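Remarks on the overall topology
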Amino acid sequence: MKKPSPYYPYYSEHRKRNIVEKILMAETGKTQFVVTILGSGTCVPSLTRSSCSILMEIGHQKLLFDSGPGTMRRLLEAGVTIYDITHLFYTHLHPDHTGELVPFLFATKYSHAGQRKIPLTLIAGNGFLHFFQKLKSVYGQWIHFENEFLNILEMDNTNSDLIRFPDFSVHSIPMSHNPESIAFKITTTAHQSVVLSGDTDYTSNLIDIAAGVDLLICESATPDDMKIPGHLTPSLAGKIASASRAKKLVLTHFYPECEQVDIAKECRKTYSGDLLLAEDLMKIEIHTII
Ligand SMILES: [Zn+2]
Ligand SMILES: [Zn+2]
């Protein structure tokens, strides 16, 4: 058997089994939309929880949300290279969400002559361009791309906003965390929808954008009795999911304190629907009901 290259994606049999067990089995129908949790952790280094990152695959479109430290390695473990990513989104600019932006672009540049065949579109709240210009003032040519290879789109950080692409649309709405913080809702042409909160405190905006959504991926940073400003707890995330009538809820962004308590039980105080606690490389398939 050919030895797998460490520079290209492959699954070990162990990893494959792990993933298959985690698949959320939906009703019937065809899978077109697959969400992979790449990092369910925080800024705290962890062997099991990489920093924040989510992959969404809609047909051939590969959307990466946040790229905290460890993201590129988790991508390979999930079977995807950085050159396959078509859209890169940032919920906000904290280092546990943006830490691998520069390494991602630098690595892409290394392969510029060959491996990236498609342009990359970067999408984030207002303020991102300013942040990116500052990164360029430090890194210069190392992260510079011609316009045909890198498009940067900013979304409104004070109101809801919308961008349409041929295969999906992106709604955004401000979150209660940083001035540039926004949540994203991705809706496919088959009307499948996923919301990613990014980091946030309790806000009715998250209830609004997640109304009736197929899947809500919501931060739940600390246990109920350790709430910190700018973040949610399991029962607050559950309250938002119940109010929005989201069909499924995935809690993520777990600080180490979360490992000591029954997070699901805390969430169940306010939410009785489908619930998953994120783990790195967990895959969730969004099915179309035919
Ligand atoms: Zn943050
Ligand atoms: Zn964070």
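Here the structure is a predicted model, which means the values were calculated and not measured.

Side note on the overall build of the chain
Summing up its helical and strand segments, the chain has eight helices and 14 strands in all. Buried residues in the chain amount to 44% of all 290 residues. Long-range contacts, defined as pairs at least 24 residues apart, comprise 65% of the intrachain contacts of the chain with a sequence gap of at least 6.

Remarks on the sheet that holds strand β9 (residues 182-188)
Spatial ordering of the open sheet is given by β7-β8-β9-β10-β11-β12-β13, a layout of seven strands whose pairing is mixed. Strands at the two margins of the open sheet, each flanked by one partner only, are β7 (161-164) and β13 (274-277). Each strand axis lies, on average, 15° off the axis of its neighbour in the sheet, ignoring direction. Of the strand pairs in this sheet, strand β11 (residues 215-219) and strand β12 (residues 248-252) are connected by four bridges, and their pairing is parallel. Among the inter-strand pairings, cysteine 218 is bridged to a residue of β12, identified as leucine 251.

Overview of the nonpolar core
Val194 and Leu216 are the most contacted members of the largest nonpolar core, which totals 66 residues. Look past the residues within four positions of leucine 216 in its chain and what remains in contact with it is Val195, Ala210, Ala241, Ser244, Ala246 and Leu249.

With respect to the environment of glycine 212
By secondary structure assignment, the location of glycine 212 is in the loop between α6 (204-209) and β11. Exposure remark for glycine 212: the 9 C-beta atoms within 10 Å place this residue in the exposed category. C-alpha of glycine 212 to C-alpha of serine 244: the two residues are 32 residues apart in sequence and 6.2 Å apart in space.

Topic: the environment of isoleucine 152
Note that isoleucine 152 resides in strand β6 (residues 150-155). Residue classification places isoleucine 152 among the partly exposed residues on the basis of 15 C-beta atoms within 10 Å. Residues isoleucine 152 and leucine 122 lie 30 residues apart in sequence; the distance between their C-alpha atoms is 4.7 Å.

A closer look at the pairing of strand β5 (residues 120-125)
Each regular strand shows side chains that alternate between the opposite faces of the sheet. As defined by bridge partners, strand β4 (residues 87-90) adjoins β5 across four bridges and the pair is classed as parallel. Bridge pairing in β5 links histidine 87 to threonine 121. After leaving β5, the chain enters helix α5 (residues 128-139) and then returns to the sheet as β6, a path that is right-handed.

About the thresholds
- Residues numbered from 1 in each chain as written.
- Chains lettered and ligands numbered in written order.
- Predicted model: local features only at pLDDT ≥ 70, side-chain atom pairs only at ≥ 80, totals over all residues.
- Helix = DSSP H or I, 4+ residues; strand = E, 2+ residues; numbered from the N terminus.
- Buried ≥ 20, exposed ≤ 12 C-beta atoms within 10 Å, placed from the backbone.
- Contact = placed C-beta atoms within 7 Å.
- Pairing = 2+ DSSP bridges.
- Axes fitted to C-alpha atoms, helices over the stretch in contact; angles between N-to-C directions.
- Core = buried A, V, L, I, M, F, W, Y, C linked by C-beta atoms within 7 Å.
- Right-handed = clockwise from strand over helix to strand, strands pointing away.

Take it as geometry only, folks, not as evidence of what the structure does.
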